[in-house]
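An overview of the molecular structure
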Amino acid sequence: MDGQRRLKAGSVLIVGAGGLGSPAGMYLAAAGVGTIGIADFDDIDLSNLQRQIFHATSGVGTSKCQSAKLRMEEINPEIKIVTHDERITAANIEILVGQYDVVIDATDNFATRYLINDACVLLKKPNVYGAIYRFEGQASVFAPGSGPCYRCLFPFPPQADAVPNCAEGGVLGVLAGMIGVLQATEAIRLLLDIGTGLIGKLLIYDAMEMRFDTVNIKRNLDCPLCGDNPTIKSIADTEFACAVKVVEAGTKAAADGSAGSSANDSDDEISATALSDRLKSGDRLFLLDVRNPEEFVLCNLPGCNLIPLPELSKRLSDLDRSQDIVVYCKSGARSRRAVQLLREAGFQKLTNLTGGILAWIAEVDPSMPGY
């Protein structure tokens, strides 16, 4: 009874109503955690349903926050669900984190992950970390004063083009459930103040081998945030972006802060409709697809040429510098990196398709299969 009262009096903020946040939130609601906050600015997409069990087909196009709230209230109407339907930034992260006892990092991008970690350290809140990629998952608890923080392992975010984009990499759906349940377990343990769990440990799960490994981790005395002589004393946004997506062209901002397609293109950007008009008028354009081959077979623009981004620097001789080159990918992030790479190699006539092939499907050819 005492333990249940503690859960009822406790509060947990879940940042991310996706693959990790879904199982974590549902089990915390079922356990009777008194106040659960859910923070996510995104809308439900059909492709989410492979792993994001908060949501249903009937909710496609609606707010993930509201969908999560309804699902948790169905499980337990006796608890309080607070929605934060907003993008996490340096301006609001401390206000959000400060309202809760425990924070669950259920995000899919580095920018938000570092914001959560920094706020939790500065406000002395435990941070229940989880991450998934393809067939592997990780989990840990970063508890200020009791162990390391995320920056002890990874002091600074990687360069935006140094790791696969979250939308590009893919993940086994049930892997999200496994790691999300571990995060819920750790949150409950922290609220009850029992055991040591994953404080000072990094749990690594390999779904292909069905194997769990645990690595002991210590606080880095030279950590820029929680070390003996910290250099980070306030919260700031990072420039790292991940998992860009176009939901409806012109109505939804991409996750990296770039706007959806627009008829008013910049010098090195072109909207899907403008590109379609140019192709119809007979403009001779070289369409360069920098996605992966498995994406290319699903859908592609007529007459395009495939050179995956990882191969681009080695295949510059395949391109004609005198041609007008329009680069595209799934949603615009990889193609922007490709344009930058080509400019550095001396190419001049370059244009990026804003919003990628998803924008083309939304604006020009809805019959084309998306993914």
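Structure's up top.
Residues numbered from 1 in each chain as written. Predicted model: local features only at pLDDT ≥ 70, side-chain atom pairs only at ≥ 80, totals over all residues. Heavy atoms only, no water.

Structural notes on a nonpolar patch on the surface
Together, Phe-135, Leu-172, Val-174 and Met-208 give the surface a local cluster of nonpolar side chains, amounting to about 400 Å² of exposed area. Tracing the sequence through the fold places Val-174 in helix α8 (residues 173-192). Look at Val-174 and you get exposed, because its relative accessible area is 64%. (Patch = residues over 30% accessible without salt bridge, like charges linked within 9 Å, V, L, I, M, F, W, Y side chains within 5 Å. Areas by Shrake-Rupley, 256 points an atom, 1.4 Å probe, with all protein chains shown as cover. Salt bridge = Lys/Arg side-chain N within 4 Å of Asp/Glu carboxyl O. Helix = DSSP H or I, 4+ residues; strand = E, 2+ residues; numbered from the N terminus. Buried < 20%, exposed > 50% of the residue type's maximum accessible area, 1.4 Å probe, protein only.)

With respect to the side chain of Ser-22
Following the sequence through the fold, Ser-22 ends up in helix α2 (residues 21-31). A distance of 3.1 Å separates a polar atom in the side chain of Ser-22 from the backbone nitrogen of Phe-54. Excluding residues that lie within four positions of it along the chain, Ser-22 makes contacts with Ala-17, Gln-52, Ile-53 and Phe-54. (Polar contact = N/O pair within 3.5 Å; in protein donor to acceptor, adjacent residues only side chain to side chain. Contact = heavy atoms within 4.5 Å.)

What to know about the packing of α2 against α8
Close contact between α2 and α8 brings their axes to 7 Å; oriented N to C, the two are set at 40 degrees. Of the possible angle classes, the one that applies to α2 and α8 is oblique. Of the two possible hands of crossing, α2 and α8 adopt the one that is right-handed. Of α8, the residues touching α2 (which contributes Pro-23, Ala-24, Tyr-27, Leu-28 and Ala-31) are Ala-176, Gly-177, Gly-180, Val-181, Ala-184, Ala-187 and Ile-188. (Axes fitted to C-alpha atoms, helices over the stretch in contact; angles between N-to-C directions. Parallel < 35°, antiparallel > 145°, perpendicular 65-115°, else oblique. Left-handed = near helix turned anticlockwise from the far one by under 90°.)

Topic: the pairing of strand β12 (residues 324-328)
Burial analysis of β12 places 4 of its 5 residues in the buried class, which makes it a mostly covered element. Here strand β10 (residues 285-289) pairs with β12 via 5 bridges, running parallel. Residue pairing for β12: Phe-286 is matched across the bridge by Ile-325. For the segment spanning β12, helix α12 (residues 333-344) and strand β13 (residues 350-353), crossover handedness is right-handed. (Pairing = 2+ DSSP bridges. Right-handed = clockwise from strand over helix to strand, strands pointing away.)

Some remarks on the nonpolar core
Counting 38 residues, the largest nonpolar core has Val-12, Ile-14, Leu-28, Ile-36, Ile-38, Met-72 and Ile-104 as its most contacted members. When residues of this core are traced back to their parent elements, those giving at least two are β1 (11-15), α2, β2 (35-39), α3 (64-75), β4 (102-105), β6 (136-142), α8 and β7 (201-206). In this structure, Ile-38 is in contact with Leu-13, Ile-14, Gly-16, Ala-17, Phe-54, Cys-65, Ala-68, Met-72, Val-82, Thr-83 and His-84, ignoring residues within four places of it in sequence. Listed in part, the 17 residues of the second largest apolar core include Leu-275, Leu-287, Cys-299 and Ala-359. (Core = buried A, V, L, I, M, F, W, Y, C linked by side-chain atoms within 4.5 Å.)

Regarding the sheet that holds β10
With parallel pairing, 5 strands are arranged side by side in an open sheet as β9-β13-β12-β10-β11. Of all the strands in the sheet, just β9 (269-270) and β11 (305-306) have a single pairing partner and so form its edges.

Details of the environment of Val-171
With respect to the secondary-structure elements, Val-171 resides in the loop between α7 (166-169) and α8. Distance in space between the C-alpha atoms of Val-171 and Gln-50 is 9.4 Å, their sequence separation being 121 residues. Leave out the neighbours within four places in its chain, and Val-171 touches Gln-50, Arg-51, Ile-132, Tyr-133 and Arg-134.

Observations concerning unusual backbone geometry
The backbone of Arg-134 shows a phi angle near 55 degrees, a positive value even though the residue is not glycine. Following the sequence through the fold, Arg-134 ends up in the loop between β5 (127-133) and β6. Take Arg-134: its relative accessible area is 38%, and that puts it in the partly exposed class. Phi is positive for Asp-193, which is not a glycine, with a value near 60 degrees. Assignment of secondary structure puts Asp-193 in the loop between α8 and β7. The class of Asp-193 is exposed, set by a relative accessible area of 64%.

Side note on the pattern of salt bridges
A complete count under the given rule lists 15 salt bridges for this structure. We note a salt bridge from Arg-211 to Asp-213, for which the minimum N-O separation is 2.9 Å. You can call Asp-213 partly exposed: its relative accessible area is 33%. Linked through salt bridges whose partners overlap, the residues forming this network are Asp-206, Arg-211 and Asp-213.

With respect to the sheet that holds β2
Strand order in the open sheet formed by 8 strands is β3-β2-β1-β4-β5-β6-β7-β8, with mixed pairing between adjacent strands. Of all strands in the sheet, those with a lone pairing partner are β3 (80-84) and β8 (211-216), marking the two edges. For this sheet, the mean angle separating the axes of adjacent strands, direction not counted, is 15 degrees. Two strands pair when backbone bridges link them, and β5 and β6 are joined in this way by 7 bridges, in the antiparallel orientation. Opposite Asn-127, over in β6, you have Phe-142 as the bridge partner. The strands that α2 touches are β1, β2 and β4; relative to β1, the one it contacts most, it runs at about 165 degrees. The sheet strands contacting α3 are β2 and β3, and the helix crosses β3 at an angle near 175 degrees.

A look at the packing of aromatic side chains
Taken as a whole, this structure holds 6 aromatic pairs when the rule is applied. With a centroid separation of 5.2 Å and 75 degrees between ring planes, the pair formed by Tyr-114 and Tyr-150 is classed as edge-to-face. With a gap of 36 residues between them, Tyr-114 in helix α5 (residues 110-123) and Tyr-150 in helix α6 (residues 150-153) connect regions that are remote in the sequence. Owing to a relative accessible area of 2%, Tyr-150 belongs among the buried residues under this scheme. Centre to centre, the rings of Phe-142 and Tyr-150 are 6.0 Å apart; their planes meet at 70 degrees, and the pair counts as edge-to-face. Here the two residues Phe-142 and Tyr-150 agree in accessibility, since each one is buried. An aromatic cluster of at least three residues, connected via ring pairs, comprises Tyr-114, Tyr-129, Phe-142, Tyr-150 and Phe-154. One cation-aromatic arrangement involves Arg-87 over Phe-41; the distance from NZ or CZ to the ring centre is 4.3 Å. (Phe/Tyr/Trp six-rings, centres within 6.5 Å; stacked < 30°, edge-to-face > 60°. Lys NZ or Arg CZ within 6 Å of the ring centre and 35° of its normal.)

These figures capture arrangement, not role.
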